[in-house]
Amino acid sequence: MKISGTNTLALAPEEAYRRMQDPVVLAACMPGCESLETIGEDEYRMKMKLAMASLSGAFEGKVRITDRTPAGFRLIVEGTGKLGFMKGEGLLTFSQSGDGTEVAYEGDVQVGGTIAAVGQRLIDATAKMMIKRFFEKLAA
Amino acid sequence: MATPSITKLEPFIGKRIRRKEDPRLITGTATYVDDLQLPGMHFAVVVRSPHGAARIKSVDIAAAAAMKGVAMVLTGRDVADLACVPCGASLPGLRVPEHRLLAQDRVYYVGHPVAVVVATDRYIAKDAAEAVEVDYEVLQAVADPEKALAPGAPAVHPQWPDNTAFTFHQEGGDIEKAFAEADVVVKQRITSQRLIPSPLETRGCVAQWHAAEKSLTLHTSTQVPHLVRSLLAQMLGLDENRVRVVAPEVGGGFGCKLNLYAEEALTSHVAMKLGKPIKWIESRRENFLTTIHGRGHVDYYEVAAKKDGTILGIKVKIIQDLGSYHQLLGPAIPTLSVLMIPGLYRAKSMCADVVGVFTNCVPTDAYRGAGRPEATHGIERMVDILAAELKMDPAELRLKNFVRNEEFPFPTATGLIYDTGDYAAPLRKAMETVNYTELRKQQADARKHGKLMGIGMSTYGEICAFGPSPATPAGGWESATVKIEPSGKVTVMTGVSPHGQGEETTFSQITADHLGVPFEDVLVQHGDTAIVQYGIGTFGSRATAVGGPALYYAIQELIIKIKKFGAMLLESDDVSYANGQCTCAKTGKSVSIKEIAGAAYRAMKLPANTEPGLVATYFWEPTNFTFPFGAHIMVAEVDPGTGAIDIKRYVAIDDCGNLINPLVVDGQVHGGVAQGLGQALWEQAVYDDNAQLVSGEFMDYTMPRAHMMPWIESGHTITPTPVNPLGVKGVGEAGTIGASPAAVSAVVDALSPLGVRHIDMPMTPEKIWRLILSKTTGSNA
Amino acid sequence: MIPQQFEYSAPKSLAEALALIADGGKPLSGGMSLIPMMKLRLAAPDRVVDLARIAELSYIREQAGSIHIGATTTHHEVESSAVIRAKCPLLAETASFIGDVQVRNLGTIGGSVAHADPSADYPAALQALEAKIVIKGAASERTVSADDFFVDTFTTALEPGEIVTEVIVPVEAASTGTSYQKLLQPASGFAIVGVAARIQKSGGKITLARVGVTGLSNRAFRAAATEQALTSGTAVQAAADVVAQAIDANSDLYASAEFRAHLAAVYAARAIDAAIRRTS
Ligand SMILES: Cc1cc2nc3c(=O)[nH]c(=O)nc-3n(C[C@H](O)[C@H](O)[C@H](O)COP(=O)(O)OP(=O)(O)OC[C@H]3O[C@@H](n4cnc5c(N)ncnc54)[C@H](O)[C@@H]3O)c2cc1C
């Protein structure tokens, strides 16, 4: 499923750009993230717990940053758990917008296993919510 | 011969008799596989791939095997030496992938069995299954058959990079000439989407190994117990007569239980290894993922015709999505489509090219109609499109092209011989029922008021009564045994395996009339290979049309013997048998079947060259298929604001020959129409680009339910077939075949003022809304 | 379809239930949403606290111009309640649209609002009715407006340990006309889009317009722009056309965001028209 959107942060572009690559910040902002541990350059092992409605499940996976340019980078989050697996990939670009920064994202969400089969009507809404929460925390 | 002195019993054939099997079904007292409880029984759960395509790097069973209550965990390596799941379809050049019971080093579809866990109860087994750690290297998958054929597509099976399982060509008549002589040629791409058969009861089985006797009993939810026995014995290396397969109450099949599945063999294998009875019950989610799907066609049609509407020839290219493996009949299904391409029409030439395509999806196979609905849908859509092109009334065009009554038996361009028919009769009757002329006037009026009202029709033909043995992969005959017990009660053992079709009732009716015994005295047994002589099973609308005649002939044989005993008891050579009585022509004296049974078993005295007892068995081989037909008309209104479709009327006129029990026939038609409308309007198995089945449960996959159905006005014309003595043709699949084209026809007709000629199924509101939008604003929103 | 092991308790009193829930227990009401998730192992609570036996949570009571509905009141009870049908017909009508008979016989209003499925029917009506949700914890009690309660997809104002105990809706003035209209997903019955309209007229003019929308986006919401347009005399269709304005519409297999937004306008117009017809 394709995702795209923009979010405006009350941060200078350089600050937004820096924060979104800082593992400590990422760990704090990614919904459900329990730990993020460096395993290589721009590569982290992640543990997260997804809890939404009555659904809950642990995922383990990786967060990676690739394709870094001055304008942005690609953020790849993938995880596997008993509920299935997911992979989200987004190209983030940062641009000045007034005093703040507009972060544009464009990418793809893939979901597999039980959640894909039984949750398709909710995947879009859920992905949007997770992205929204991420930016809310980032701005805070 | 003198008339018998007793009054003739009222016939049961033709009566709307309520089904004998229903009380146990509606009171919940029937015994399904999952109702079986055996001492020491263990439970199996299968670990399945969450990926459409992946290499298995490792499988770690340690944690699962260590759990309390877990008795056994098997992975691919443990079953590598066992035989493969069989494919019964034989086509020249068919590529048959090795279909092991558990994945070896790769998985090919979501749901692919990777390991099996056996524990003392199903909760522990499920917990342990979750503890099996499989490390996958995910590979690119392909789920769309057209994409799979494109160069550079991921190879489902690496050894066959073109993803082509087979190609098949069939031609009849002079197709080149037909197209050269045509005034018009209409073309259309027509799809018949993947469907999930969804019987109420999912699959399931219980296997029990009797080590001392070296024999295996398998209770399984199947349509073909004898076939399962033969195949299973072969796979497991057991003597066929030491394998007993029982189909207990079976909660629907629709073709998806016309198979031998990996789990049946796996459960049996585990039972043999562990020496414990093993139960495996498929969850609904597994049923969606791993029981065969139906349809999966992309067809490209071309029809050549004269200006006056005469159809000259039909060309079709069929792309059949086969999924990743072959189940029992998968690759053969589209060849049935080919046979049915000419429909009810006289078209003298045809040409079909089929390509069977591997995709990373669960295999497709027979699903109610199996190949014929796809073809009927195609040809019926094409006839409508031709009518639109020629600005002819679609009914008129059909009437013009029907095979004429005097042309039967009619050889088709595909090599079939249509047995008999009066193809115009059901269409005329359906048109009368809806008052077609008046309805068209109403439509013209409705259109003036901006309403999108449509009148759709289909006139379908079917191949039923599978079938002459040379035309089927495993024998097309059927068997019946009729026993008159010493008390005079009658036991019928049929080789068909009813699972909702009501043969316990209809076969009792046949027996009651032809043997002249009370309906209540007849018990119909089926489904247990230890009780019933070998039989073929229930599929392809064959049970009554092939199993019925077998029963009829067994009864005739038995009557010969009854008369011998009757003659002995009446001390006369001139006896007749009717209504359960043997009567002496001269004296008018008679003896009842009960007295005769008593004498036959007591055997104080025997007629010459006659053994004791009253049992007859008959194996009947049909000489041809039967070809039922019919006409459906649907009236619908489309809501232009939402694209929603409102069915205003649904008329189904079917000709399945003589009706044994019109109530049962109506039930078959209603259920069939529901499934046909399900395909037309709602059902769709959707795999995403990564071959994940995203319509993975009933919250997304729209199974039609009673409240969604229109009132079905069903009726019949009766043209008995000469193929069998009962004149019956089969009706199990008719409704499904007739319904989908009628529904699409109605909606297309509603939108035809906008220039719409075809809509692919399912006709969801959004699809209709977008179509209206694109036609009215030219935008492709 | 085999859940994980869990502990089950069925307390008789609310206090007992709240104590168990404060201790980490998962409330179970009609089970129509929770049990399927457990069977698929998408949810695996260690302890389930069944609210069904708590008599003090099941009631429909009229009191000082409002109707108070206990959390475990089933959809069927709401749909068929004489009081609700007569005095808050929008809620009864909405309940009658939920799922199928079996779901309505078991599913409850408390479970539905707490679950906050973005396609659930009640939330649209509760928004239009400006309903209040009563929330209780072992040591807390508060009442929030429907608008504050439905936060996001499956997200409500409930804090851990809290449950919904009651939903409060107004007794309608006699002159009010209401209607709920939806296009349903035929498989589940859930709303692709559902619109609840509530209209009061006086002297031929619309004096009050409340329009609740569900299914369209992450949460049920009140369509303020449409409401304003209606009270300022805009024609119904034009007012309905702005219902999805500035809304980020959901999309799924059955309906894209664009189609949903279009449907919202169609159903808003239908619901408003029907509500207007029912005024007086
Ligand atoms: C086939 C089907 C079709 C459906 N169709 C529709 C439809 O068309 N429209 C629609 O609106 N809904 C539909 N539903 C959902 C249905 O209305 C459910 O009843 C509702 O979503 C949940 O209510 P419940 O009482 O069953 O809650 P449960 O399933 O028991 O609980 C749901 C969630 O809420 C929590 N919870 C329950 N009660 C409380 C409480 N008092 N306080 C705090 N938390 C609580 C539970 O812990 C759980 O997380 C459908 C459901 C099914 C199975």
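Just so it is clear, the model here is predicted, and its values are computed rather than measured.

> Looking at this structure, how should I read the overall build of chain A?
Per the secondary structure count, chain A includes 4 helices and 7 strands. Of the regular secondary structure in chain A, the N- to C-terminal order runs β-α-α-β-β-β-β-β-β-α-α. By the compact-globule yardstick of 14 Å for 140 residues, chain A fits well, its C-alpha radius of gyration being 15 Å. Viewed in the frame of its principal axes, chain A has a C-alpha envelope of about 40 × 30 × 25 Å. In chain A, which comprises 140 residues, the share counted as buried stands at 49%. Of the contacts formed within chain A by residues at least 6 apart in sequence, a portion of 46% connects residues at least 24 apart.

> Please clarify how the confidence of the model for chain B should be interpreted in this entry.
Caution applies to low-pLDDT parts of the model: their predicted coordinates are not meant to be read in detail. All names here are of chain B. Averaged over every residue, the pLDDT of chain B is 96; residues scoring 70 or more account for 98%. For the stretch residues 1–6, pLDDT sits under 50, and the model shows 9 contacts to residues farther than four places along the chain or on other chains. Scored by ipTM, the complex comes to 0.95, with pTM at 0.95.

> Where do I start with unusual backbone geometry in this structure?
Keep in mind that most residues, glycine aside, have a negative phi and that most peptide bonds are trans. All names here are of chain B. Following Phe-466, the chain continues into Gly-467 via a peptide bond in cis, with omega recorded as -25 degrees. Among the structural elements, Gly-467 can be located in the loop between strand S18 (452–461) and strand S19 (478–484). Between Met-761 and Pro-762 the backbone carries a cis peptide bond, its omega angle lying at -10 degrees. Locating Pro-762 in the fold gives a position in the loop between helix H18 (734–751) and helix H19 (765–777).

> Which parts of the structure should I look at to understand the nonpolar core?
Nonpolar side chains in soluble globular proteins generally cluster together in the buried interior. All names here are of chain B. Counting residues in hydrophobic clusters, the biggest one holds 138 residues, and the most contacted among them are Leu-101 and Leu-386. For this core, the leading source of residues is helix H10 (residues 372–390), giving 8 residues. Each of domain 2 (40–139 + 202–250 + 257–290) and domain 3 (297–467 + 624–777) accounts for three or more of the residues forming this core. Apart from residues lying up to four places away in sequence, Leu-386 is in contact with Val-184, Val-186, Val-303, Ala-305, Gly-309, Ile-311 and Leu-397.

> Could you clarify how one ought to interpret empty space enclosed by the protein in this entry?
Rolled over the atoms, a probe with the dimensions of a water molecule shows which regions are left empty. Residues and elements named next belong to chain B. Scanning the entire structure with this criterion turns up 4 cavities of 30 Å³ or more. Approximately 60 Å³ is the volume found for the largest cavity. Looking at the largest cavity, the residues that line it are His-99, Tyr-109, Pro-113, Arg-203, Tyr-261, Ala-262, Glu-263, Thr-290, Gln-327 and Pro-363.

> Got a minute to help me understand H10 of chain B in this structure?
Along an α-helix, residues three or four apart share an orientation, since each turn contains 3.6 residues. Residue and element names in this part refer to chain B. Here H10 is 19 residues long and its end C-alpha atoms lie 27 Å apart, about the 27 Å a rise of 1.5 Å per residue gives. Burial of H10 is extensive: 17 of the 19 residues sit out of reach of the surface. Residue Lys-391 follows H10 closely and has a positive phi angle near 55 degrees.

> Before we go on, may I ask you to explain the interface of chain A and chain C in this structure?
Contact with chain A, which involves 18 residues of that partner, is made by 24 residues of chain C. When chain A packs against chain C, the two sides together hide about 1,800 Å² of surface, and 55% of this comes from carbon and sulfur. Our count for the contact surface shared by chain A and chain C stands at 3 salt bridges. One salt bridge connects Arg-121 of chain A with Asp-117 of chain C, and the closest N-O pair in it is separated by 2.6 Å. Remark: the boundary between chain A and chain C carries 6 residue pairs in polar contact (both at pLDDT 80 or more).

> How should the packing of aromatic side chains be read in this particular structure?
Residues and elements named next belong to chain B. Evaluated as defined, the whole model comprises 28 aromatic pairs over all chains. Summarising the aromatic geometry, the rings of Phe-288 and Tyr-701 are spaced 5.6 Å apart at their centres and angled 80 degrees between planes, so their arrangement reads as edge-to-face. A residue pair is termed long-range when its members are at least 10 positions apart, and Phe-288 in helix H8 (residues 284–290) and Tyr-701 in the loop between helix H17 (662–682) and strand S28 (712–716) qualify at 413 residues. In this structure Phe-288 comes out as buried when scored by relative accessible area, which is 0%. Residue Tyr-701 is classed as buried on the basis of its relative accessible area of 0%. One aromatic cluster is present, built from ring pairs that chain together Tyr-345, Phe-402, Phe-408, Phe-410, Tyr-418, Tyr-423, Phe-466, Phe-625, Phe-627 and Phe-629.

> I tried to follow the side chain of Asp-321 of chain B on my own but got confused; where do I start?
Residue and element names in this part refer to chain B. For Asp-321, the position within the fold is in strand S14 (residues 311–323). One polar contact links the side chain of Asp-321 to the main-chain amide nitrogen of Gly-323, over a distance of 3.0 Å. One polar contact links Asp-321 to Thr-359, side chain to side chain, over a distance of 2.7 Å. Residue contacts for Asp-321: discarding those within four places in its chain leaves Ala-143, Pro-145, Arg-194, Arg-295, Gly-296, Val-357, Thr-359 and Thr-364.

> What exactly am I supposed to notice about the interface of chain C and chain B here?
Often, the extent of an interface is quoted as the loss of accessible area on bringing the components together. At the interface, 24 residues of chain C touch 29 residues of chain B. Carbon and sulfur atoms make up 61% of the area that chain C and chain B hide from each other, which totals about 2,200 Å². There are 5 salt bridges connecting chain C and chain B. Note that Arg-41 of chain C is salt-bridged to Glu-130 of chain B, the shortest N-O span being 3.3 Å. Across the chain C-chain B interface, the total number found is 11 residue pairs in polar contact (both at pLDDT 80 or more). Considering each element in turn, the side of chain C that touches chain B owes the most residues, 7 residues, to helix H12 (residues 257–278) of chain C. A breakdown of the residues in the side of chain C that touches chain B according to their chemical character gives 15 nonpolar, 5 polar and 4 charged.

Thresholds applied
- Residues numbered from 1 in each chain as written.
- Chains lettered and ligands numbered in written order.
- Predicted model: local features only at pLDDT ≥ 70, side-chain atom pairs only at ≥ 80, totals over all residues.
- Heavy atoms only, no water.
- Helix = DSSP H or I, 4+ residues; strand = E, 2+ residues; numbered from the N terminus.
- Rg over C-alpha atoms; globule rule 2.2 N^0.38 Å.
- Buried < 20%, exposed > 50% of the residue type's maximum accessible area, 1.4 Å probe, protein only.
- Contact = heavy atoms within 4.5 Å.
- pLDDT = per-residue confidence, 0-100.
- Core = buried A, V, L, I, M, F, W, Y, C linked by side-chain atoms within 4.5 Å.
- Domains from an automatic or database assignment.
- 1 Å grid on protein atoms, 1.4 Å probe; cavity = no way out; pocket = protein on both sides within 12 Å on 5 of 7 lines; lining within 4 Å.
- Points joined across faces, edges and corners; volume = space filled by probe spheres on them.
- Expected span 1.5 Å × (residues − 1).
- Buried area = accessible area lost by both parts, 1.4 Å probe.
- Salt bridge = Lys/Arg side-chain N within 4 Å of Asp/Glu carboxyl O.
- Polar contact = N/O pair within 3.5 Å; in protein donor to acceptor, adjacent residues only side chain to side chain.
- Phe/Tyr/Trp six-rings, centres within 6.5 Å; stacked < 30°, edge-to-face > 60°.
- Nonpolar A, V, L, I, M, F, W, Y, C, P; charged D, E, K, R; others polar.

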